[in-house]
Amino acid sequence: MDKDREGEVIAKWIEGLSKFGVDAETAIGIAQSIIRVSTRAQLMSRLDIGVTIIGSGRVGRTLAKALSRVADVILQRHDEELVPNDVIILATKPTDESINILSKYSGRLRGSIVMDSFSVKMPMFRLIENESLRAGFHYISVHPLFGELSNPIGETVVLIPSKTGDDKLENAKDLFTSAGLNVVVLSSPEEHDRLMAYLQVAHHVLLLTLYAALRRIGLDLNTQLVTHSLKYTFKALERVLEQVEVSNELFRLNPYSRSVVGELGDLLKEVVEGLDRGDMVGVLGHDNQGIQG
């Protein structure tokens with residue numbers, strides 16, 4: 001995985017295909033598809049590591065698919081007897097039941113790297129961190145920024161090390177990067193939830209608001225009155241509508257949700273005023289060139 005080199009390759013595809021009348025957008029799509037397949041084909045090295053994933057839902061299945069390319073993976077339901085391993089990943093919902101799993105099998109977790117895959121980290125992070133101090137496992141929280149995908153190569157996971165996870169952070173990064181995933185490390189669950197209130201909650205709220213507005217005037221996602229750019233928005237909206245329960249969970253559990261949504265209302269007024277006076281630089285803080293950058 002080398003993003004700089006990937007950019008160079010895509011640029012060559014755009015230049016080469018333009019000679020045959022292929023537009024840049026199509027060229028980028030072709031190049032990115034080939035890069036994903038190529039990356040997957042090159043994931044040949046195996047790590048000497050075993051991974052148990054608890055939870056066979058969308059996230060659990062996708063993580064198992066990605067990590068099984070480089071590690072020995074066991075995917076099990078949350079009600080099955082825990083199979084001890086080098087890495088244990090809770091691909092479950094952020095409930096007391098998930099914490100109870102760790103308490104129940106604490107004797108089998110000593111020395112293992114334990115991860116949760118919750119989309120919201122507070123306050124479960126501190127509970128698991130305290131359990132790791134008591135039971136002697138290494139806790140690193142992970143957030144896959146994707147749902148169920150057939151090929152998650154190139155997608156991103158967020159890692160947040162706890163007091164007991166710092167010394168195993170490089171091991172965790174190696175596991176995910178070896179599987180073709182990008183890794184971003186954040187310093188705390190508070191930082192994670194604050195950022196995700198903008199990147200997830202605000203995103204879902206805006207998409208659902210647009211959908212509600214369209215439905216109010218009698219339009220749905222099948223309308224032919226769709227601009228080129230709106231097609232991409234509709235694709236994102238379709239994914240949100242397929243899993244509305246995820247939007248509900250993100251909004252209810254993220255402690256920053258309401259304040260961020262309140263900001264959206266104020267910012268909407270600022271954007272409208274900026275458009276009205278023809279001065280979006282003052283609102284966005286940079287010009288169109290800055291947006292492109």
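Here, the structure is the one placed above.
For clarity, every value in this text was computed on a predicted model and none was experimentally measured.

Together, E263, D266, E270, E273 and D276 make up a region of like negative charge exposed at the surface. Looking at where E270 falls in the secondary structure, it is placed in helix α10 (residues 257-277). Overall, the relative accessible area of 38% leaves E270 in the partly exposed class.

Looking now at the pattern of salt bridges. In the structure shown here, the tally under the stated rule is twelve salt bridges. Across the pair E80 and R77 runs a salt bridge, and its minimum N-O distance is 3.8 Å. Taking relative accessible area as the criterion, E80 reaches 30% and is therefore assigned partly exposed. The partner of E170 in a salt bridge is K173, and the shortest N-O contact between them spans 3.5 Å. Here E170 and its partner K173 are both found in helix α6 (residues 169-178), three residues apart, which amounts to about one turn of the helix. Relative accessible area serves as the criterion here: at 47%, E170 is assigned to the partly exposed category. Ionic contacts of the salt-bridge type, sharing partners, join the residues R77, D79 and E80 into one network.

What follows deals with the side chain of T52. Within the secondary structure, T52 is located in strand β1 (residues 50-54). Residue T52 is classed as buried on the basis of its relative accessible area, which comes to 0%. In this structure the side chain of T52 is engaged in a polar contact, spanning 2.8 Å, whose partner is the backbone oxygen of V83. Among the polar contacts listed, one links the side chain of T52 to the side chain of N85, at a separation of 3.0 Å. With near-sequence residues (within four places) excluded, T52 lies in contact with I74, Q76, L82, V83, P84, N85, V87, I88 and I89.

The seven strands are arranged β2-β1-β3-β4-β5-β6-β7 in an open sheet whose pairing can be described as mixed. At either end of the open sheet lies a strand with only one pairing partner, and these are β2 (72-76) and β7 (182-185). For this sheet, the mean angle separating the axes of adjacent strands, direction not counted, is 25°. Here four bridges tie strand β6 (residues 156-161) to β7, and the two strands are oriented parallel to one another. Bridge pairing links V157 to V183 in β7.

This part covers the packing of helix α7 (residues 189-216) against α10. Two numbers describe how α7 lies on α10: the axes approach to 10 Å, and their chain directions differ by 60°. In terms of orientation, α7 and α10 fall into the oblique class. Crossing of α7 over α10 shows right-handed handedness. Counting all contacts with α7, which are made through A197, Y198, V201, A202, V205 and L206, the residues of α10 involved are S257, V260, V261, E263 and L264. Within the contact of α7 with α10, the residues separate by chemical class into nine nonpolar, one polar and one charged.

So, about helix α4 (residues 96-104). Considered for burial, the residues of α4 that qualify are S98, I99, I101 and L102. Mapping the buried residues of α4 onto a view down its axis gives an arc of 150°, with all of them on the same face. Across α4 from its buried face, at more than 90 degrees, point the exposed residues D96 and K104. Where α4 is buried, its residues meet β1, β3 (87-90), β4 (113-116) and α5 (124-135).

Calculation rules
Residues numbered from 1 in each chain as written. Predicted model: local features only at pLDDT ≥ 70, side-chain atom pairs only at ≥ 80, totals over all residues. Heavy atoms only, no water. Patch = residues over 30% accessible without salt bridge, like charges linked within 9 Å, V, L, I, M, F, W, Y side chains within 5 Å. Areas by Shrake-Rupley, 256 points an atom, 1.4 Å probe, with all protein chains shown as cover. Salt bridge = Lys/Arg side-chain N within 4 Å of Asp/Glu carboxyl O. Lys, Arg positive; Asp, Glu negative; His and termini not counted. Charge placed at Lys NZ, Arg CZ, Asp CG, Glu CD. Helix = DSSP H or I, 4+ residues; strand = E, 2+ residues; numbered from the N terminus. Buried < 20%, exposed > 50% of the residue type's maximum accessible area, 1.4 Å probe, protein only. Polar contact = N/O pair within 3.5 Å; in protein donor to acceptor, adjacent residues only side chain to side chain. Contact = heavy atoms within 4.5 Å. Pairing = 2+ DSSP bridges. Axes fitted to C-alpha atoms, helices over the stretch in contact; angles between N-to-C directions. Parallel < 35°, antiparallel > 145°, perpendicular 65-115°, else oblique. Left-handed = near helix turned anticlockwise from the far one by under 90°. Nonpolar A, V, L, I, M, F, W, Y, C, P; charged D, E, K, R; others polar. Arc of directions from axis to C-beta.

By themselves, these observations are geometric and do not establish any function.
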